[in-house]
Each structure stands twice: as C-alpha cells, then as structure tokens.
Amino acid sequence: MTEEAPEAPAPAPCPHVQVMSPYDAVSSLDAIKALPEGTVPLKLDWNESTIPPSPRVIEAIQAFLRNTHHLNWYPDLGATRLRGALSRYTGVPADGIIVTNGSDDALDLLCRTFLGASDDAVVVWPTYGHFLIFARARGVEPRPVAPADPFDVPAAALLDAIRPDTKLVYIASPNNPTGVVTPAGDVGRLCRAHPRTLFVLDEAYHEFGGTSAAPLVPATPNLVVTRTFSKCFGIAGLRVGYLLGAPAVLGHLSKLYNPKSVNVLGQVGAFAALADRETREGYVKDVREGQAALAEYLERRGAEVRTTQANFLLVRVPRPKRFTSALESAGVFVRDRSHLKGFDGWVRITAGTAEQMRDLARRMDALLAAEPDLLGWPPSGSDREGERAGARGGGTGSGSGSGTG
Ligand SMILES: Cc1ncc(COP(=O)(O)O)c(C=O)c1O
C-alpha cells in the first residue's frame with residue numbers, strides 16, 4: 001500500500017495580492033464565435049475601433065513579414081522611428097515619449113515606479129478599472145473621489161481631496177465610463193497646486209473629442225499623459241500605447257521599463273496607422289455622427305442618454321442585465337456598468353460608424369417590438385432588477401465579476 005502524500009499548500013503570493021479578487025475578463029469573443037451563421041456581430045463592449053485599421057497598416061505588416069529574418073531579432077529597443085512620428089504628432093520632444101505595450105502597460109509602469117505600499121493615490125470615481133489593479137499590485141488602495149454628480153467635472157472635488165502627501169492622481173479624460181472631460185486648464189491648476197504629486201492623465205479617447213493636456217507636458221514636470229492605438233487607430237490587437245512626460249519623470253520610468261515590450265509588428269503597424277491621417281479623421285467623424293444618431297434614436301424612445309467626447313455613449317435602463325442579454329440575442333455586445341457605485345442603471349455602448357449605428361437601431365426596433373419596456377428611466381417598482389446590489393452597496397463595485405475594460 002502506498003501512503004498518500006499530504007497535499008502541499010499552494011505557494012502564497014504577497015499579502016496585498018492574496019486579498020485581491022481574480023481578474024474576471026468579460027470578453028464577448030466566445031459568444032461572437034457561437035453566433036448563428038450569417039449574424040454579423042456588433043462588438044460594442046470594449047470601445048475598440050469598430051472597423052479594421054487603415055489598409056496601410058496591413059500593407060506595412062505584410063511588407064515587413066516578407067522580409068522574415070527580422071522576426072528572429074528583438075524589436076528596435078528605442079522604438080526610434082515610432083517615437084519620431086509620435087513627436088511630430090503630439091508636439092512633445094522624442095525624449096519625452098515612451099512607447100508601451102498598450103496604454104495599460106504605461107499605467108502599470110507608472111504605478112510600479114511611483115507607488116509603494118502605504119502611499120496615497122487618488123482616482124476620480126467611477127474610473128477605468130484596470131488602473132485599480134495596477135495600484136493594488138503595489139499594495140495601494142486608491143481613494144475614490146466622486147463629484148456630487150458622476151457627470152460633473154471633478155476638478156473641485158479633487159482639489160479638496162488631494163493631500164500634501166498624495167503620491168499620484170489618476171484622471172481619465174474623457175473618463176471611462178462617464179465620458180467626462182477634465183479641461184486642460186483644470187489639469188494645469190491641479191498640477192501647480194500640488195507640485196509634489198504626479199498627475200496621470202489618461203487620454204485613451206482624446207482623438208474623438210480633440211481636446212488634450214499634452215501641450216502642458218513640456219512645462220509641467222509633474223504631469224504624464226498616456227495614450228493608445230487601441231481606439232481610433234484600430235489596432236487594439238497589436239497592443240501599442242505611449243506616454244508623454246518630462247525627462248526627469250521618464251528618467252525614473254526608464255529604470256523599470258522593459259524596452260523589448262513593444263513587439264515589431266506593433267511598431268510597424270502603429271507607424272503606418274499614424275501616417276494615415278485621412279483614414280483616422282474619417283473614422284472619428286463617422287463615429288461622431290453614429291453616436292449622435294444613436295443618441296437621438298434612444299432618446300426618441302424615452303431613454304435617458306449621455307453622449308460623450310469619446311467613442312461611446314451611456315444609456316440608463318431599468319433592467320441592465322435583461323437589456324444586455326436581449327441585445328446579445330441579436331448579436332450586439334455592450335457593457336453593463338450599473339454595478340459601479342453611483343452608476344445605477346447605466347449601460348455603455350461603443351459608438352461605431354453611422355451605418356453600424358443604423359444597423360443597431362434596426363436590431364433594437366425588433367427587440368423593442370417584443371419588449372417595449374427594455375428602455376425607460378426611472379424604472380417602475382416592478383421593473384427594477386433586484387441585481388444591482390453592488391451599485392447600492394458600500395464598495396466601489398470594481399471587484400470580481402465587473403470586468404474593467
Ligand atoms: C481609459 C482607458 N485607458 C486605457 C485603456 C486600455 O487601453 P490599451 O488597449 O492601450 O491598453 C482603456 C481601454 O478601454 C481605457 O478605457
């Protein structure tokens with residue numbers, strides 16, 4: 001008889017990781033694969049571009065791949081050509097730019113470099129959820145600062161909340177999920193009022209609204225702006241982002257930065273996407289029209305809607321889970337954000353082209369014919385889904401089950 005070895009305890013992570021919930025990646029890709037043949041998916045859940053990138057991106061990658069021997073080499077560690085193009089695009093000198101593996105990687109690098117356990121960090125609430133994970137990985141639970149109304153500009157609330165010892169303040173502008181823009185004037189005032197605090201302005205969506213605090217970067221040593229190629233440039237799958245900051249801040253970041261992290265195809269694709277201004281501007285215009293048309297469609301049917309200067313809008317519905325699953329049955333994937341504290345009833349819909357939004361309206365017409373009360377806020381008593389405990393509870397509702405995209 002063999003004796004069974006006692007089960008060895010699993011290796012333990014750091015204490016602050018032990019208390020975190022596993023990241024619950026809510027992806028629609030499996031559901032999209034399972035759609036009946038002939039159903040064209042409308043993937044409107046992660047705010048990616050809804051059309052393929054510029055043909056120049058594909059051509060540049062194909063041309064690169066024909067020259068295959070370069071795939072066995074590491075990428076250009078300085079991303080020199082891309083940084084040069086980004087310098088022309090942003091107006092920030094190339095030595096003030098770091099290219100990263102998506103802008104998530106830039107946020108992670110900032111947290112790893114500037115946050116240590118027991119540091120004070122502040123976020124505008126509600127916020128982009130993945131930033132919280134990067135802060136928590138450093139043992140920091142950011143203090144959420146919520147303006148009285150989640151759709152208010154947060155500058156006054158931030159001025160009250162930031163302490164002399166606050167290490168880092170994270171503001172997404174336009175914010176995800178609210179779409180609120182923090183004007184560059186407010187950003188500048190906050191930076192001047194708290195010169196020892198690092199302000200991280202996440203401008204993932206800035207091309208859709210056109211406003212930016214990037215011009216402040218060269219003269220503001222405590223401001224970093226992060227950006228991405230995942231939205232209007234249409235290459236989320238290639239994972240390219242970048243950050244803009246003063247050389248002193250970049251000097252610290254470069255101590256932990258992994259220069260191999262932006263792969264060759266990402267560098268080639270991002271360079272080509274940046275060069276095709278016409279495609280980018282055409283898409284942004286199309287999305288603006290699509291968003292306005294969708295908002296009008298929803299409002300005409302009695303829904304409460306918030307348009308944004310990003311590529312998404314928000315609609316407030318009485319039964320968010322029912323609403324999202326009804327859309328899913330029609331091949332439309334959107335994002336329920338109603339579990340977030342203070343965000344009761346809100347669902348986020350990525351805005352696509354005007355044609356895609358007309359397609360969405362046709363599909364919604366069919367759903368509303370069968371279930372007219374899918375839209376409409378405030379809900380009547382019987383309408384309310386008894387499933388929004390997170391939205392009314394004490395926490396931020398950002399834990400397991402919520403996803404962060
Ligand atoms: C505010 C914000 N920042 C960053 C990201 C992530 O972008 P990337 O794909 O560049 O990592 C997202 C994605 O949805 C976002 O909404």
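Rules of the game
- Residues numbered from 1 in each chain as written.
- Predicted model: local features only at pLDDT ≥ 70, side-chain atom pairs only at ≥ 80, totals over all residues.
- Helix = DSSP H or I, 4+ residues; strand = E, 2+ residues; numbered from the N terminus.
- Rg over C-alpha atoms; globule rule 2.2 N^0.38 Å.
- Contact = placed C-beta atoms within 7 Å.
- Buried ≥ 20, exposed ≤ 12 C-beta atoms within 10 Å, placed from the backbone.
- Pairing = 2+ DSSP bridges.
- Near = placed C-beta within 6 Å.
- Domains from an automatic or database assignment.
- Axes fitted to C-alpha atoms, helices over the stretch in contact; angles between N-to-C directions.
- Expected span 1.5 Å × (residues − 1).
- Parallel < 35°, antiparallel > 145°, perpendicular 65-115°, else oblique.
- Left-handed = near helix turned anticlockwise from the far one by under 90°.
- Nonpolar A, V, L, I, M, F, W, Y, C, P; charged D, E, K, R; others polar.

Trainee: Sorry, what's going on with the overall build of the protein here?
Mentor: Helix and strand counts for the protein stand at 15 helices and 13 strands. Relative to the globule expectation of 22 Å for 405 residues, the C-alpha radius of gyration of the protein, 22 Å, shows essentially globular dimensions. If you line up the protein on its principal axes, its C-alpha atoms span 75 × 60 × 50 Å. In the protein, the share of contacts with a sequence separation of at least 24, taken over all contacts with a separation of at least 6, comes to 75%.

Trainee: Would you explain the pairing of strand β3 (residues 120-124) in this entry?
Mentor: Look at any regular strand and the pattern is simple: side chains alternate between the two faces of the sheet. In terms of burial, β3 is largely enclosed, as 4 of its 5 residues are buried. Across 4 bridges, the pairing between β3 and strand β5 (residues 166-172) is parallel. Residue D120 lies in a different strand from β5, and its bridge partner there is T166. One ladder, built from 3 bridges, connects β3 with strand β4 (residues 143-145); its direction is parallel.

Trainee: When you look at the site of the ligand in this model, what are you seeing that I'm missing?
Mentor: By nearness alone, 14 residues border the ligand, and G102, S103, D104, T228 and S230 come closest of all. With 3 residues, the top contributor of residues to the shell around the ligand is helix α5 (residues 102-114).

Trainee: What is the right way to read the domain arrangement of the protein from this model?
Mentor: By a widespread convention, an interface's size corresponds to the accessible area lost as its parts come together. Assigned domains of the protein: these are domain 1 (21-52 + 278-392) and domain 2 (55-275). On a C-alpha basis, the centroid separation for the pair domain 1 and domain 2 is 26 Å. Each partner contributes residues to the interface: domain 1 has 22 residues there, and domain 2 has 19 residues. Contributing elements (two or more residues each) for the side of domain 1 that touches domain 2: α12 (277-300) and β10 (312-316).

Trainee: What am I meant to see in the sheet that holds β10 here?
Mentor: To summarise the sheet geometry, strands pair through backbone hydrogen bonds and adopt either a parallel or an antiparallel arrangement. As summarised here, the arrangement of the 4 strands in space is β9-β10-β13-β12, forming an open sheet in which the pairing is antiparallel. Of all strands in the sheet, those bounded by a partner on one side alone are β9 (304-306) and β12 (335-336). As paired elements, β12 and strand β13 (residues 346-350) share 2 bridges and run antiparallel to each other. The residue bridging R335 from the neighbouring strand is R348, located in β13. On top of the sheet, α12 reaches β9 and β10; it is set at about 10° to β10, its chief contact.

Trainee: Quick question: what am I supposed to make of the sheet that holds β4 here?
Mentor: Here we have 7 strands laid out as an open sheet, ordered β2-β8-β7-β6-β5-β3-β4, and mixed in their pairing. Both outer strands of the open sheet, β2 (97-100) and β4, are each paired with one neighbouring strand and no more. Each adjacent strand pair in this sheet contributes to an overall mean axis angle of 20°, direction not counted. Across 4 bridges, strand β7 (residues 223-228) lies against strand β8 (residues 241-244) in antiparallel orientation. In the strand pairing of β8, T226 is matched with L243. Contacting β2, β5, β6 (198-202), β7 and β8, α5 crosses the sheet at an angle of about 155° to β7.

Trainee: I would appreciate a short explanation of α5 in the present structure.
Mentor: Since there are 3.6 residues in each turn of an α-helix, residues three or four apart along the chain are aligned in direction. The terminal C-alpha atoms of α5, which comprises 13 residues, lie 19 Å apart, in line with the 18 Å expected from a rise of 1.5 Å per residue. Counting buried residues along α5, 11 of its 13 residues qualify, which places the element largely inside the surrounding structure. Within the sequence span of α5, burial applies to G102, S103, D104, D105, A106, L107, D108, L109, L110, C111 and F114.

Trainee: Explain the packing of α12 against helix α14 (residues 354-370) to me, please; I cannot follow it from the model alone.
Mentor: Packed helices, taken two at a time, are described by the angle their axes make and the gap between the axes. Axis separation between α12 and α14 bottoms out at 7 Å; the angle between their running directions is 25°. Of the possible angle classes, the one that applies to α12 and α14 is roughly parallel. The hand of the α12/α14 crossing is right-handed. Of α14, the residues touching α12 (which contributes D286, E289, G290, A293, L294 and Y297) are A354, Q356, M357, L360 and A361. When grouped by side-chain class, the residues that make up the contact of α12 with α14 number 7 nonpolar, 2 polar and 2 charged.

Trainee: Please explain the environment of P221 as it appears in this structure.
Mentor: Structurally, P221 can be placed in the loop between α9 (206-209) and β7. In this structure P221 comes out as partly exposed when scored by C-beta crowding, with 14 C-beta atoms within 10 Å. Residues P221 and R301, 80 residues apart in the sequence, show an inter-C-alpha distance of 48 Å.

Trainee: It is not clear to me how the packing of helix α4 (residues 80-90) against helix α11 (residues 264-275) should be interpreted in this structure. Could you clarify?
Mentor: Running from amino to carboxyl end, α4 crosses α11 at an angle of 30°, the nearest separation of the two axes being 9 Å. In this view, α4 runs roughly parallel relative to α11, as classed from their interaxial angle. Between α4 and α11 the crossing geometry is left-handed. Contacts between α4 and α11 pair R81, L82, A85 and Y89 from the former with Q267, A270, F271 and L274 from the latter. For the contact of α4 with α11, the per-class residue count stands at 6 nonpolar, 1 polar and 1 charged.

Trainee: Would you take a moment to explain unusual backbone geometry for this structure?
Mentor: Peptide bonds are trans in most cases, and residues, glycine excluded, mostly fall at negative phi. Note the cis peptide between W125 and P126, where omega equals -5°. Relative to the elements of secondary structure, P126 occurs in the loop between β3 and α6 (129-136). Going from S173 to P174, the amide bond is cis rather than trans, its omega being -5°. Here P174 is to be found in the loop between β5 and α8 (184-193). The backbone of A79 sits at a positive phi, close to 40°, despite the residue not being glycine. For A79, the location among the structural elements is in the loop between α3 (55-66) and α4. We classify A79 as buried; it has 26 C-beta atoms within 10 Å. A positive phi is found at S118, a non-glycine position, where the angle reads about 80°. Locating S118 in the fold gives a position in the loop between α5 and β3. Here S118 falls in the exposed class, since 8 other C-beta atoms lie within 10 Å of it.

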